[in-house]
Amino acid sequence: MKTIKNLFVIALAMIAFASCSSDSESTNGVETEKVGLIGNIFYGGDINEDITLQSGQTYTVTKGVHIKSGHVLTIEEGVTLVADADVLSYLMIEKGATIQAVGTANAPIVMTASKEIPGAWGGLMICGNATINVDGGSGISEVGNASYGGSSDTDNSGTLKYIRLEYTGYAFDEDHESNGVAFYGVGSGTTVDHIQVYKGSDDGFEFFGGTVSANYLVSTYSQDDSFDWTEGWRGNCMNWVAVQNEDSKGTGFESDNLEGNNDATPRSKPTIANITLVGNGTDKSQSMNLRRGTGAILSNLLMTNYMIGVGVEQNSTANLIGSDLTIDNSVLTNIITDASKQYFSYVKTTEGTQRTAVASDQFGTGVTVGAIALNSTYVGKVNGAGAVDAGDDWTAGWTK
């Protein structure tokens, strides 16, 4: 009996040791952390090889995966990535590296987490060599301390198609949270279309400078802003949808040029056509907050269920209205307050916030206000404004 008990104790000790050492391996008696793809577990660290995640497979991502310069991460259609929510897990494509993640409407790539709660993991970050307007022309990512920015506006970081990211937005502290997808100085050679961020705890999509264009984007129930840009982003985009709920505390768009220097160049000035923004109906909801000297060329903008349509902060932004800041063919539906309050300028002063009304036609042409029913939450266009036509629902099949 005693011998059996001793063997049992030894067996338990061996199991415990194996469990505690699951993220490390022994080489010549020296314990080293596991890094890279081992079986169906993608261990975080510096990845200095090409990696392919095969069609239809499910993989666990644990810790921060950094694809280093010169290497490619390929994710085939139908792959599911499950991020380990018990540690800080994320995917980082560094400068000079590329990602080829191409799903289909019938077999999207799904990036989710082991816990289905907003903020369970850090999401996807891509760093490129395109120009940004911060001092020195380069920056460091908010997550992962990766450098970004350069002089190649046509830089190519790869291809992203038909991807759904869920439960992103890991919070490091009160001031630092990751987003669903963050584009850091990404160039126009990169292809981005049909991407959804679902139930993230911070922003859905954020652009830090660069020239990347991104089409057919959906931000659903992001708890902060649905779309965010800064540092001189100049993409050319179409078909964006944001749907906010009671947990959404931000705006549909939060848009900056540069906080420390509102007139820094190159100035943020994306061109975005066909936009649907759906608010949560609260008395503090706001469709857009355009500030800190950002420009934007917007058209076919449909906003519904907001108290405030377009807000503009600082004279550096207001001075651009009608030139580098235009909104053509905009529709406000199911608004909470009267139409005259939907467009206005916030002018920051030392005494506080002064509101100055801005006539809607100063932005551009074709403003419609009124209660107009949509076919569903976001499907349907009104007077040509909106992102999703009822007869051609490009969100069907691959989004939640």
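Preceding this section is the structure that the text describes.
Conventions we followed
- Residues numbered from 1 in each chain as written.
- Predicted model: local features only at pLDDT ≥ 70, side-chain atom pairs only at ≥ 80, totals over all residues.
- Heavy atoms only, no water.
- Salt bridge = Lys/Arg side-chain N within 4 Å of Asp/Glu carboxyl O.
- Helix = DSSP H or I, 4+ residues; strand = E, 2+ residues; numbered from the N terminus.
- Buried < 20%, exposed > 50% of the residue type's maximum accessible area, 1.4 Å probe, protein only.
- Contact = heavy atoms within 4.5 Å.
- Pairing = 2+ DSSP bridges.

Which parts of the structure should I look at to understand the pattern of salt bridges?
Counting across every chain of the model gives 13 salt bridges. Two residues, Glu-94 and Lys-68, come together in a salt bridge whose shortest N-O distance is 3.0 Å. Here Glu-94, found in the loop between strand E9 (90-93) and strand E10 (98-102), pairs with Lys-68, found in the loop between strand E6 (58-67) and strand E7 (72-75); they are 26 residues apart in sequence, far enough to count as distant. For Arg-234, the salt bridge identified is with Asp-153, shortest N-O distance 3.5 Å. One end of the pair, Arg-234, is in the loop between strand E20 (227-230) and strand E21 (236-243); the other, Asp-153, is in the loop between strand E14 (147-148) and strand E15 (158-166), with 81 residues separating them in the sequence. Judged by its relative accessible area of 23%, Arg-234 is partly exposed.

Could you clarify how one ought to interpret the environment of Ala-385 in this entry?
Structurally, Ala-385 is set in the segment after strand E30 (367-370). With 112 residues separating them along the chain, Ala-385 and Ala-273 place their C-alpha atoms 9.0 Å apart. Beyond its immediate chain neighbours, meaning those up to four positions away, Ala-385 contacts Asn-300, Leu-301, Leu-302, Asn-329, Val-331 and Gly-380.

Looking at this structure, I do not really get the pairing of E20. What am I missing?
Two faces make up the sheet, and in a regular strand the side chains alternate between them. Burial along E20 is two-sided: the residues Phe-227 and Trp-229 and Asp-228 and Thr-230 are all buried. Sheet analysis places strand E18 (residues 205-208) next to E20, joined by 4 bridges and oriented parallel. The partner of Phe-205 across the bridge, within E20, is Phe-227. Sheet analysis places E20 next to strand E22 (residues 253-255), joined by 3 bridges and oriented parallel. Paired with Asp-228 across the strands is Glu-254, a residue of E22.

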